[in-house]
Amino acid sequence: MNDNQDKDKIIKLAADLDDDLEKQDVEKMVTYFSEDCKIEILGLELKGNINLKKWLNWFFNLFDTIKFEPLVIMVENNVFFEEFIIYVTFNQGKKLSIKIAEVLEYENYKINSLRLYLDRLEFAEIFTTGFLSKKVVEIIKKRSIKGLI
């Protein structure tokens, strides 16, 4: 593994990645990743370009628009960390903005590993329909912080 990659080049590649994610071009996105890449999201681990394309198609099919706002960026050796806000408009017109953290590990300036950390309950509110399911999500969110505030 090449741990001595240029910090500025990694930052530029990650910014380009965000720009191209906003354009929702699966074939362009694949060029940023190694063939044996790993993606961790929502408790799942996906491996390789076939699963990368599957994840990207799933991701792009959820949203009409995607916009990223970087908050914190750190790079050490081959690891890029970013906290950002994602603004999305879902296909049914609903809008959502949430904070997400990502960790990208680069090898020869290709993403070898992508880990995304987010609160899936924020998405659950968008996907719930009907009084009962909305109430269940509301109860879970309240119970999850009971005693904290």
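Our subject in this report is the structure included herewith. Note that the structure is predicted; figures quoted are calculated from it, not measured.

Rules and cut-offs
Residues numbered from 1 in each chain as written. Predicted model: local features only at pLDDT ≥ 70, side-chain atom pairs only at ≥ 80, totals over all residues. Heavy atoms only, no water. Pairing = 2+ DSSP bridges. Helix = DSSP H or I, 4+ residues; strand = E, 2+ residues; numbered from the N terminus. Axes fitted to C-alpha atoms, helices over the stretch in contact; angles between N-to-C directions. 1 Å grid on protein atoms, 1.4 Å probe; cavity = no way out; pocket = protein on both sides within 12 Å on 5 of 7 lines; lining within 4 Å. Points joined across faces, edges and corners; volume = space filled by probe spheres on them. Nonpolar A, V, L, I, M, F, W, Y, C, P; charged D, E, K, R; others polar.

## Digging into the sheet that holds strand 2 (residues 44-47)
Pairing is mixed in the open sheet, where six strands are placed in the order 2-1-6-5-4-3. In the strand order of this sheet, the two ends are held by strand 2 and strand 3 (63-76), each with one partner. Adjacent strand axes in the sheet meet at a mean angle of 20 degrees when their direction is disregarded. Here strand 1 (residues 33-41) runs beside strand 6 (residues 110-117); their pairing, made up of four bridges, is parallel.

## With respect to the layout of surface pockets
Put simply, the largest pocket is a space of about 310 Å³. Around the largest pocket, the lining comprises 24 residues; the ones closest to its centre are I41, F59, I100, L116 and L118. If you list the elements that add at least two residues to the lining of the largest pocket, you get helix 1 (7-23), strand 1, helix 3 (48-62), strand 3, strand 4 (79-90), strand 5 (95-107), strand 6 and helix 4 (120-127). Considering every element that reaches the lining of the largest pocket, the biggest residue donor is helix 3, with five residues. Of the residues in the lining of the largest pocket, the class split is 21 nonpolar, no polar and three charged.

Functional significance is not addressed by these values, which are geometric in nature.
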